[in-house]
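# Tertiary structure, described
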Amino acid sequence: MRIRDLTIDDAEDLLRFELTNRAWFEQHIAPRPDSFFNLVAVQDHIRGYLNARELKQFHACVITDEQGMIVGRANLREIQRDWRDANALPEALIEAKSQAGA
């Protein structure tokens, strides 16, 4: 698994990830509106996250598997320069990975 920056190029894969795991997410966090689940809305969502990164509010990332498929998201906050003290947890992981202990 790898964690990397979220980019606008992730829109299609992120939409697929969100749709595939929608039911699981909705058991744990407030549901997204139906209007979120299309490519244009996800691109707008990503642009907002990229803007938040520029403003240093948080750092939006995706977690990918060995094949490069998105398996999770993470919004890193309060990033410390000394990474040994950093405290950041993934915002969301897909059910299969979390149940597998990943």
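First, a word on scope: everything that follows refers to the structure included in this document. Along each chain, residue indices are assigned from 1 in the same order as the chain's sequence is written. It should be noted that, the model being predicted, local features are given only for residues of pLDDT at least 70 and side-chain atom pairs only at 80 or more, the latter also being counted only at that level, while totals for whole chains, interfaces and linings use all residues. For side-chain calculations, the full set of non-hydrogen atoms in the structure is used, while hydrogens and water are omitted.

So, on to the side chain of Arg-53. Helix and strand definitions here come from DSSP, where helices need a minimum of 4 consecutive H or I residues and strands a minimum of 2 consecutive E residues; each element is numbered from the N-terminal end. Checked against the element boundaries, Arg-53 lands in helix α3 (residues 39-54). Summary of the burial criterion: residues with accessible area below 20% of their type's maximum are buried, those above 50% are exposed, and those between are partly exposed, where the area comes from a 1.4 Å probe applied to protein chains only. The charged-residue count follows a simple rule in which Lys and Arg add positive charge and Asp and Glu add negative charge, with His and chain termini not counted at all. The salt bridge definition used is simple: a Lys or Arg side-chain nitrogen within 4 Å of an Asp or Glu carboxyl oxygen. No salt bridge is formed by the buried Arg-53. Its closest oppositely charged neighbour is Asp-5, at 4.2 Å.

Here we take up α3. Helix span is expected to be 1.5 Å times the residue number reduced by one. The terminal C-alpha atoms of α3, which comprises 16 residues, lie 23 Å apart, in line with the 22 Å expected from a rise of 1.5 Å per residue. Those residues of α3 that sit buried are Ala-41, Val-42, His-45, Ile-46, Tyr-49, Ala-52 and Arg-53. Seen from one end, α3 has its buried residues packed into an arc of 140°, which puts them on one side. For α3, exposure combined with an orientation more than 90 degrees from the buried face picks out Val-40 and Glu-54. Note on contacts: a residue pair qualifies if any of its non-hydrogen atoms lie within 4.5 Å across the two residues. Those residues of α3 hidden inside the fold are in contact with β1 (2-5), α1 (11-20), β2 (59-64) and β3 (70-76). Two or three places before Val-40, at the start of α3, stands the capping residue Asn-38, its side-chain oxygen 3.1 Å from that residue's backbone nitrogen. Relevant arc is that of directions from the helix axis to the C-beta atoms, nothing else. Here a polar contact is taken to be a pair of N or O atoms separated by no more than 3.5 Å, where protein atoms must pair a possible hydrogen donor with a possible acceptor and residues adjacent in sequence count only if both atoms sit in side chains.

Summed over all chains, the structure comprises seven salt bridges. In this structure, Glu-18 engages Arg-32 in a salt bridge whose closest nitrogen and oxygen atoms are separated by 3.4 Å. Taken as a pair, Glu-18 in helix α1 and Arg-32 in the loop between α2 (22-28) and α3 lie far apart in primary sequence, 14 residues in all. Given a relative accessible area of 3%, Glu-18 falls into the buried group. Among the ionic pairs, Glu-26 bridges to Arg-22, the shortest N-O distance being 3.0 Å. Separated by four residues within a single helix, Glu-26 and Arg-22 lie in helix α2, roughly one turn from each other. According to the relative accessible area criterion, Arg-22 is partly exposed, its value standing at 23%. Linked by salt bridges that have partners in common, Glu-18, Arg-32 and Arg-73 make up one network.

A regular strand places its side chains so that they alternate between the two faces of the sheet. Counting buried residues in β2 gives five out of six residues, a clear majority hidden from the surface. Between any two strands, pairing holds if DSSP finds at least two bridges. Strand direction decides the pairing type here: β1 and β2, joined by four bridges, are antiparallel. The partner of Asp-5 across the bridge, within β2, is Cys-61. Two strands pair when backbone bridges link them, and β2 and β3 are joined in this way by six bridges, in the antiparallel orientation. Within β3, the position partnered with Thr-64 by the bridge is Ile-70. The turn joining β2 and β3, which pair antiparallel and follow one another in sequence, is formed by five residues; a positive phi near 85° is taken by Gly-68.

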